[in-house]
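Results of the structural survey
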Amino acid sequence: MSELLLELLSEEIPARMQLRAADDLKRLVVEGLKARGLDVGEARAFSTPRRLALVIENVPHGSPAISDEKKGPRVGAPEQAVQGFLKSAGLASISDATVVKDEKKGDYYVAKIEKPGRAAPEIIAETVTDVAAKFPWPKSMRWGSSTFQWVRPLQSILCLLGGKVVPFEINGIASGHETRGHRFLGPGPFKVKSFADYQEKLESHHVILDPAKRAAAISEQAHALAKEAKLELVEDDALMAENAGLTEWPVVLMGSFEKAFLEVPGEVLITSMKTHQKCFSVRDPKSKKLANKFLLVSNLVAKDGGAQIVSGNEKVIRARLSDAKFFWEQDLKHPLGEMAGKLAHITFHEKLGSQKDRVERIEQLAFELAGACDADPQDARRAAGLCKADLVSEMVGEFPELQGLMGRYYAEHVGTKPEIARALELHYKPKGPTDTVPREDQGDAVAVAVALADKLDTLVGFWAIGEKPTGSGDPYQLRRAALGVIRIVLENDLRLALRGILAKHAAWIFDCIEVIKLRKKQTVAASLRPTGVSAEDARAIQDLIATEHNKPFTPEEIPGVYRQVIGTADDLLSFFADRLKVFLKDQGKRHDLIDAVFSLGGQDDLALIVKRVEALDAFLKTDDGTNLLAGVKRAANILSIEEKKDKKSYAGPYDLALLKEKEEIALAAAIEAVKQDTTSAIQVENFAGAMRALSELRAPVDAFFEKILVNADDKQVRENRLRLLSEIRAATLTVADFSKISG
């Protein structure tokens with residue numbers, strides 16, 4: 001067993017591509033070696049700005065010889081089938097194949113394939129050249145007259161197996177046992193014998209191979225410099241990793257800028273220095289206010305201690321912060337209300353109108369949701385009207401990642417109510433699964449209403465125009481928006497009848513005033529009831545729809561566009577159900593329990609669904625729950641078989657007079673009691689109580705199946721007992737559809 005060491009040295013690789021490229025190199029080389037019969041040990045990959053490196057342990061000396069048999073067509077098969085077999089088996093003629101006798105199916109050909117083992121260097125050379133030719137860089141380039149592509153021009157190849165060179169060429173560059181160190185601090189070539197020797201000599205030539213060690217070195221130096229200046233580092237792991245990808249021998253230096261720039265919000269200064277110069281910010285450890293200093297990461301050990309490097313960076317930082325200060329001062333001259341008016345000139349989506357159109361929808365929806373969030377409806381409307389205004393500001397134009405935050409600063413500058421100002425920033429949350437959500441109990445009820453309205457408008461809008469997520473893509477991040485709604489609702493324990501909200505908003509988006517002409521308010525409201533929309537929501541939707549006719553109409557006459565409104569709401573509700581399954585599954589909840597609750601129909605209150613699922617989950621973990629589930633499933637199976645055989649349904653009430661045995665009488669009494677108790681408990685949202693009531697069915701169900709023959713000889717008795725079984729199913733349906741539960 002030997003050690004394989006591979007290094008591909010090139011011009012500077014973009015920092016954002018390095019870690020992925022190292023992982024790809026490891027994966028593709030290991031897969032290629034194993035596919036060619038070389039079963040290797042542990043592999044580790046590394047990257048620096050100029051090189052990708054790979055070390056693989058326990059590489060065998062070669063691949064084993066393989067003896068195999070390939071079954072072919074029957075004797076006497078068409079010539080085309082025979083020729084295909086010969087080609088795939090690598091045989092010159094059919095006489096090279098063996099005939100196998102088979103009296104039942106007929107004789108057939110078999111090719112005996114002998115593949116000799118191959119030497120490891122041969123396999124490695126073939127694999128590496130193949131990987132290099134097909135390497136999945138996000139962007140690559142050609143140079144000179146060659147057709148070979150790499151991220152940047154390739155300069156040298158180091159490839160050793162057990163300390164010996166594995167010979168091959170890539171784009172005219174031969175592999176060898178030499179590499180180079182730091183471009184300026186250790187530029188000369190040097191030979192290596194092994195990975196340990198390679199890593200040691202790289203460090204002596206001012207190259208830290210492991211990006212994690214470079215990041216740790218940056219962090220250690222940055223914290224030490226900040227502490228020395230009685231400041232603290234503004235932590236930024238992404239910036240730390242990026243600087244590790246920009247340097248092979250990182251040296252952290254401290255610079256400063258004029259205190260006048262501190263008049264600009266700290267987040268702006270941090271973003272400007274990070275974006276343009278990859279510099280870290282520092283702040284006062286007590287007040288947490290930004291200091292007029294910054295930390296830069298150099299790739300040089302300068303003779304003057306870095307004074308010239310610091311001076312150059314200070315000049316650039318000063319220019320960048322001057323731009324930021326100018327943007328800030330210019331934006332303050334224009335109130336948010338004025339900025340909001342300019343949203344009419346920004347297209348949100350060609351089918352959904354401008355940002356101003358969208359804001360108007362969000363305003364109305366936030367106003368309607370405010371009650372559920374304990375927010376002032378007028379405050380919610382005002383915050384929604386301003387929530388996108390900073391998109392036209394100079395600052396957000398330069399730094400899009402500051403949208404929302406700058407809106408808050410501009411609002412605070414003119415004395416806007418604090419809860420409205422905070423809503424302008426917080427309505428974008430959560431931006432991801434680890435981000436926080438606005439909380440009603442933390443004084444951000446207005447932000448909760450606007451955040452929900454923003455995300456729901458996005459979802460309904462793109463659903464209405466058919467731009468739904470697919471298995472391969474979600475360009476508008478609709479899954480994230482749905483997860484945001486779910487988290488906001490659950491973490492604030494909000495009670496929302498989601499289907500009615502979605503239907504009403506879909507009606508707005510479909511622009512019902514112009515595209516749907518219905519006849520009478522009362523008839524419209526009535527026609528909506530069969531769809532599951534409440535009478536109140538039906539009237540609210542109706543108010544958005546113009547009416548021109550006086551005579552009544554039937555539901556079948558509802559125009560197709562209106563059906564789209566309901567279809568959009570129902571389809572989107574199913575999407576929420578799927579997202580809720582994913583969300584709860586990540587928390588260890590069973591997705592089949594969500595199906596069991598959703599199957600009851602009319603389930604559109606996410607907080608209530610989760611409470612029901614949690615209570616059901618706890619119940620099914622008890623002996624009563626497990627045994628009752630088995631009993632209910634047994635009843636359902638019997639019913640399914642008998643209903644299919646008799647071609648009739650046994651749903652409906654049983655005849656009390658036909659119940660003779662004490663077990664069936666006891667079951668009937670238990671069913672009626674459980675129906676009442678579970679219904680009463682659910683009406684007051686006491687789901688644990690509903691489960692306790694349901695557990696009272698266990699003993700009567702067990703006794704019934706133990707003592708009673710369902711398929712009695714007497715036809716009337718048999719049918720009555722089947723109806724009793726259907727009532728078991730009906731009783732549990734007040735809680736969940738047990739047929740959807742696995743187990």
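These notes cover the structure that comes with them.

Reading guide: rules and limits
- Residues numbered from 1 in each chain as written.
- Predicted model: local features only at pLDDT ≥ 70, side-chain atom pairs only at ≥ 80, totals over all residues.
- Heavy atoms only, no water.
- Helix = DSSP H or I, 4+ residues; strand = E, 2+ residues; numbered from the N terminus.
- Rg over C-alpha atoms; globule rule 2.2 N^0.38 Å.
- Buried < 20%, exposed > 50% of the residue type's maximum accessible area, 1.4 Å probe, protein only.
- Contact = heavy atoms within 4.5 Å.
- Areas by Shrake-Rupley, 256 points an atom, 1.4 Å probe, with all protein chains shown as cover.
- Salt bridge = Lys/Arg side-chain N within 4 Å of Asp/Glu carboxyl O.
- Phe/Tyr/Trp six-rings, centres within 6.5 Å; stacked < 30°, edge-to-face > 60°.
- Lys NZ or Arg CZ within 6 Å of the ring centre and 35° of its normal.
- Pairing = 2+ DSSP bridges.
- Arc of directions from axis to C-beta.
- Polar contact = N/O pair within 3.5 Å; in protein donor to acceptor, adjacent residues only side chain to side chain.
- Axes fitted to C-alpha atoms, helices over the stretch in contact; angles between N-to-C directions.
- Left-handed = near helix turned anticlockwise from the far one by under 90°.
- Nonpolar A, V, L, I, M, F, W, Y, C, P; charged D, E, K, R; others polar.
- Core = buried A, V, L, I, M, F, W, Y, C linked by side-chain atoms within 4.5 Å.
- Parallel < 35°, antiparallel > 145°, perpendicular 65-115°, else oblique.

1. Structural notes on the overall build of the protein
- In terms of regular secondary structure, the protein is built from 28 helices and 18 strands.
- For 743 residues, the compact-globule estimate of 2.2 N^0.38 gives 27 Å, and the protein exceeds it by more than 25% at 36 Å.
- Based on the C-alpha atoms only, the size of the protein along its principal axes is roughly 100 × 95 × 50 Å.
- Looking at the protein as a whole, 48% of its 743 residues qualify as buried.
- Pairs at least 24 residues apart make up 70% of the contacts formed inside the protein by residues separated by at least 6 positions.
- Element-wise, carbon and sulfur atoms account for 50% of the exposed surface of the protein, whose accessible area totals about 35,800 Å².

2. Quick word on the pattern of salt bridges
- For the structure on display, the rule yields 54 salt bridges.
- In this structure, Arg-183 engages Glu-11 in a salt bridge whose closest nitrogen and oxygen atoms are separated by 3.0 Å. Of this pair, Arg-183 sits in the loop between strand E11 (178–180) and strand E12 (189–191) while Glu-11 sits in the loop between strand E1 (2–10) and helix H1 (15–35), and the two are 172 residues apart along the sequence.
- Glu-11 sits in the partly exposed class, given a relative accessible area of 27%.
- A salt bridge links Asp-24 to Arg-20; its shortest N-O distance comes to 3.3 Å.

3. Some details on the packing of aromatic side chains
- On inspection of all chains with the given rule, the structure shows 15 aromatic pairs.
- Summarising the aromatic geometry, the rings of Phe-135 and Trp-150 are spaced 5.1 Å apart at their centres and angled 45 degrees between planes, so their arrangement reads as tilted. Taken together, the residues span a long stretch of sequence, with Phe-135 in the loop between helix H3 (120–133) and strand E7 (154–161) and Trp-150 in the loop between H3 and E7 at a distance of 15 residues.
- For Phe-135, a relative accessible area of 9% translates into the label buried.
- Using a relative accessible area of 1% as the deciding quantity, one classes Trp-150 as buried.
- Note on Phe-257 and Phe-261: the rings are 6.3 Å apart at their centroids and 55 degrees apart in plane angle, and the pair reads as tilted.
- Assessed through its relative accessible area of 7%, Phe-261 is described here as buried.
- Three or more aromatic residues link up through ring pairs in this structure, and these residues are Phe-135, Trp-137, Trp-143, Phe-148 and Trp-150.
- In this structure, Arg-381 packs its charged tip against the face of Phe-367, placed 4.1 Å from the ring centre.
- The positively charged end of Arg-408 is found above the aromatic ring belonging to Tyr-409, 4.6 Å away from the centroid.

4. Concerning the pairing of E1
- Across the 9 residues of E1, 8 count as buried, placing the element largely inside the fold.
- As defined by bridge partners, E1 adjoins E7 across 7 bridges and the pair is classed as antiparallel. Of the residues in E7, the one forming a bridge with Leu-6 is Cys-159.

5. Brief notes about helix H6 (residues 237–244)
- Every buried residue of H6 is accounted for by Leu-239, Met-240, Asn-243 and Ala-244. For H6, the angular spread of buried residues about the axis comes to 140 degrees, placing them on one side. In H6, those exposed residues whose orientation departs by more than 90 degrees from the buried face are Asp-237 and Ala-238.
- Between the side-chain oxygen of the N-cap and the backbone nitrogen of Ala-238 there are 3.3 Å, and the N-cap of H6 in question is Asp-236.

6. What to know about the pairing of strand E16 (residues 290–298)
- The element E16 is extensively covered by neighbouring structure, given that 8 of its 9 residues are classed as buried.
- In this sheet, E16 lies alongside strand E14 (residues 251–256) in antiparallel orientation, the contact comprising 6 bridges. Its bridge partner being in E16, Ser-256 is matched across the sheet by Lys-293.
- Here strand E15 (residues 280–283) hands over to E16 after 6 residues, with Lys-288 in that stretch at a positive phi of 65 degrees.

7. Side note on the packing of helix H14 (residues 418–426) against helix H15 (residues 445–464)
- As a packed pair, H14 and H15 sit with axes 8 Å apart at the nearest point and diverge in direction by 40 degrees. Judged by the sense of rotation from one axis to the other, the crossing of H14 with H15 is right-handed. Residues Glu-419, Ala-423 and Leu-426 of H14 lie in contact with H15, whose contacting residues are Val-446, Ala-447 and Ala-451.
- Looking at the contact of H14 with H15 residue by residue, the classes come out as 5 nonpolar, no polar and 1 charged.

8. A word on the sheet that holds E15
- If you trace the 4 strands from one edge of the open sheet to the other, you get E13-E15-E16-E14, paired in antiparallel fashion. Each end of this open sheet is capped by a strand with a single partner; those strands are strand E13 (232–233) and E14.
- Here E13 runs beside E15; their pairing, made up of 2 bridges, is antiparallel. By the bridge assignment, Glu-232 is partnered in E15 with Arg-283.
- The strands that helix H8 (residues 307–332) touches are E14 and E16; relative to E16, the one it contacts most, it runs at about 125 degrees.

9. Observations regarding the nonpolar core
- Within the largest apolar cluster, 147 residues are counted, with the highest numbers of intra-cluster contacts made by Leu-452, Leu-459, Phe-576, Leu-580, Leu-697 and Leu-725.
- For this core, the leading source of residues is H15, giving 15 residues.
- Excluding residues that lie within four positions of it along the chain, Leu-459 makes contacts with Leu-478, Ala-481, Ala-482, Val-485, Leu-572, Phe-575 and Phe-576.

10. Quick word on unusual backbone geometry
- Residue Lys-429 is joined to Pro-430 through a cis peptide bond whose omega torsion reads -5 degrees.
- On the secondary structure map, Pro-430 appears in the loop between H14 and H15.
- Phi angles above zero are rare outside glycine, and Asp-374 is one such case at about 60 degrees.
- Mapped onto the fold, Asp-374 is located in the loop between helix H10 (355–369) and helix H11 (377–386).
- Judged by relative accessible area, which is 60%, Asp-374 ranks as exposed.
- The phi dihedral of Asp-493 is positive, around 50 degrees, even though this residue is not glycine.
- One can find Asp-493 in the loop between helix H16 (478–491) and helix H17 (498–509).

11. Some details on the packing of H16 against helix H23 (residues 606–620)
- Orientation of H16 relative to H23, taken along the N-to-C sense of each, is 70 degrees, at an axis distance of 9 Å. Judged on the interaxial angle alone, H23 and H16 are roughly perpendicular. Contact residues: Ile-486, Val-489 and Leu-490 in H16; Leu-606, Ala-607 and Val-610 in H23.
- Residue composition of the contact of H16 with H23, grouped by class: 6 nonpolar, no polar and no charged.

12. Things to note about the environment of Arg-723
- Relative to the elements of secondary structure, Arg-723 occurs in helix H28 (residues 715–732).
- Separated by 71 residues in sequence, Arg-723 and Gly-652 have C-alpha atoms that sit 6.3 Å apart.
- Those residues in contact with Arg-723 that lie beyond four places of it in its chain are Ser-649, Tyr-650, Ala-651, Gly-652, Pro-653 and Tyr-654.
- Among the polar contacts made by the side chain of Arg-723, one reaches the main-chain carbonyl oxygen of Ala-651 at a distance of 3.3 Å.

13. What about the sheet that holds strand E4 (residues 66–74)?
- One open sheet accounts for 3 strands, arranged E4-E6-E5; its pairing is antiparallel. In this open sheet, the two strands that pair with only one neighbour each are E4 and strand E5 (98–100). The sheet shows a mean angle of 35 degrees between the axes of neighbouring strands, taken without regard to direction.
- Contacts from helix H2 (residues 79–89) reach E4 and strand E6 (108–115) within the one sheet, and its direction differs from that of E4 by about 170 degrees.

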